[in-house]
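Now for the letters of each chain:
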Amino acid sequence: PSVSRFNNAMRLCLRAVQAGLGFKGVHRGLDLLALMQACGVAPNLRTFNAFICICAAAGAQGSTVALDYGVRVVELMRRVGVTPGLKAATRLLSALVSLDSPSSEPVANMERALSFLTLMRESGVELDARPFDVLVHACSRNEDGAMEAAAQVMETMKEFGVEPESSTFV
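Residues numbered from 1 in each chain as written. Predicted model: local features only at pLDDT ≥ 70, side-chain atom pairs only at ≥ 80, totals over all residues. Heavy atoms only, no water.

Quick look at the overall build of the protein chain
Note the following rule: Strands are runs of DSSP state E lasting at least two residues, helices are runs of H or I lasting at least four, and both sets are numbered from the N terminus onward. We compute the radius of gyration from the C-alpha atoms alone; for a globule the expected value is 2.2 Å times N to the 0.38, where N is the number of residues. Relative accessible area decides the class of each residue, using a 1.4 Å probe on protein chains only: under 20% of the type maximum gives buried, over 50% gives exposed, and in between gives partly exposed. When checking whether two residues touch, look at their non-hydrogen atoms; a contact exists if any pair is within 4.5 Å. Note on areas: these come from Shrake-Rupley sampling with a 1.4 Å probe, and a residue is covered only by the protein chains present in the view. Only four residue types enter the tally: Lys and Arg on the positive side, Asp and Glu on the negative side; His and the chain ends are excluded. Charge positions are represented by NZ for Lys, CZ for Arg, CG for Asp and CD for Glu.
Looking only at helices and strands, the protein chain features eight helices and zero strands. Helices (α) and strands (β) of the protein chain occur, in sequence order from the N terminus, as α-α-α-α-α-α-α-α. A globule of 170 residues ought to have a C-alpha radius of gyration of about 15 Å, and the protein chain, at 16 Å, matches this closely. For the protein chain, the spread of C-alpha atoms along the principal axes amounts to about 50 × 30 × 25 Å. The burial tally for the protein chain puts 45% of its 170 residues in the buried class. Considering only contacts in the protein chain between residues 6 or more positions apart, those separated by 24 or more positions represent 69%. Carbon and sulfur atoms make up 52% of the accessible area of the protein chain, which amounts to about 8900 Å² in all. The protein chain carries 16 positive and 17 negative side-chain charges, and their two centres are separated by 15 Å.

Topic: the nonpolar core
Selection rule: Each nonpolar core is a collection of buried residues, namely Ala, Val, Leu, Ile, Met, Phe, Trp, Tyr and Cys, held together in the definition by side-chain atoms within 4.5 Å.
Of all hydrophobic cores here, the largest spans 55 residues; its most connected members are M110, F116, L117, L127 and L135. At the level of secondary structure, the elements contributing two or more residues to this core comprise α1 (3-21), α2 (23-39), α3 (45-60), α4 (64-80), α5 (86-96), α6 (106-122), α7 (129-140) and α8 (146-159). For this core, the element with the most residues is α3, which contributes 10 residues. Not counting the four nearest positions on each side in its chain, L127 is found in contact with L86, L117, M120, R121, F132, F160 and V162.

Looking at the packing of α1 against α2
Rules: For helices, the fitted line uses only the C-alpha atoms of the stretch in contact; every axis is such a line through C-alpha atoms, and the angle between N-to-C directions lies from 0 to 180 degrees. Angles are sorted into four bins: roughly parallel if under 35 degrees, roughly antiparallel if over 145, roughly perpendicular if 65 to 115, and oblique for all others. All residues other than Ala, Val, Leu, Ile, Met, Phe, Trp, Tyr, Cys, Pro, Asp, Glu, Lys and Arg, Gly among them, are scored as polar; the first ten of these are nonpolar and the last four charged.
In the contact formed by α1 and α2, the axes pass within 8 Å of each other and the chain directions differ by 170°. One way to sum up the angle between α1 and α2 is to call them roughly antiparallel. Across from V3, F6, A9, M10, C13, V17 and L21 in α1, the residues of α2 making contact are F23, K24, G25, V26, R28, G29, L32, L33, L35, M36 and C39. Residue composition of the contact of α1 with α2, grouped by class: 14 nonpolar, two polar and two charged.

Some remarks on the packing of aromatic side chains
Where two aromatic rings form a pair, the distance of their centres and the angle of their planes describe that pair. Quick note on the threshold: The criterion for an aromatic pair is that two Phe, Tyr or Trp rings (for Trp, the six-membered ring) have centres within 6.5 Å, with stacked assigned to planes under 30 degrees apart, edge-to-face to planes over 60 apart and tilted to the rest. Note on geometry: a ring has a charge over it if NZ (lysine) or CZ (arginine) is within 6 Å of the ring centre and within 35 degrees of the ring normal.
This structure, assessed with the given rule, holds two aromatic pairs. Ring centres 6.2 Å apart and planes at 75° place the aromatic pair F132 and F160 in the edge-to-face group. Remark: F160 occurs in the segment after α8 and F132 occurs in helix α7; sequence separation between them is 28 residues. Like F132, the residue F160 is buried in the burial classification. The lysine or arginine in question, R72, covers the ring of Y69, its NZ or CZ lying 5.4 Å from the ring centre.

Observations concerning the pattern of salt bridges
Pairs can form between side chains of opposite charge once their charged atoms are near each other. The cut-off we apply is this: Salt bridges are defined as contacts in which a side-chain nitrogen from Lys or Arg sits within 4 Å of a carboxyl oxygen from Asp or Glu.
Evaluation of the coordinates by the stated rule reveals four salt bridges. Among the salt bridges present, the one from D31 reaches R28, with a minimum N-O distance of 4.0 Å. One end of the pair, D31, and the other, R28, are both in helix α2, three residues apart, so they sit about a helical turn from each other. For R28, a relative accessible area of 46% corresponds to the partly exposed category. Residue R78 is joined to E122 by a salt bridge in which the shortest nitrogen-to-oxygen separation is 3.1 Å. One end of the pair, R78, is in helix α4; the other, E122, is in helix α6, with 44 residues separating them in the sequence. Taking the relative accessible area as the measure of exposure, R78 reaches 35% and is therefore partly exposed.

So, the side chain of S98
Counting through the fold element by element, S98 comes out in the loop between α5 and α6. Each residue touching S98, except ones within four places of it in the same chain, is listed here: N109 and R141.

Considering the layout of surface pockets
We count it as follows: Both site types are read off a 1 Å grid over the protein atoms alone. A 1.4 Å probe that fits but cannot get out defines a cavity, while an open set with protein on both sides within 12 Å along at least five of seven lines defines a pocket; lining residues have an atom within 4 Å of a point. Grid points are joined across faces, edges and corners, and a volume is the space filled by probe spheres set on the points.
Taken as a whole, the largest pocket holds about 200 Å³ of empty space. R11, L14, R46, N49, A50, C53, K87, A88 and R91 together form the lining of the largest pocket. Ranked by the residues each element gives to the lining of the largest pocket, the list is headed by α3, at four residues.

Right, dumping it as structure tokens:
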């Protein structure tokens, strides 16, 4: 078996989650990671990014446990020196602030998302305006503390040296 074949299987798991499989798809992804280890095949960036996207998709369907797995994978990647892809990490960030998530209040979701944004940066992800756009747009969907949260996002953006784009304010 090759990493390419496992990555194809991981992408199939992602499609299954997107079709409504939910957290079961995360289990399938974990099974694939375990099988890779048993076969002596090391996961690569595509493998990790696909699994992060699986967790984000399941999280968008309401699985907070899937979101926890996604964050843990990014933490693992940081420890082993693999930088997550911006697109995959931003998908997970979007799921973390989703107001459809039954996990907690929007303010807590935003705090968790800002913490994850810091993890993204510490993991070597070269941030641009896109993840911040996700957070600002999440603020606009919430009336409670929206201005304060948006100001906090903009302050973090400035702190990280990222320039806003026109899409940040739309």
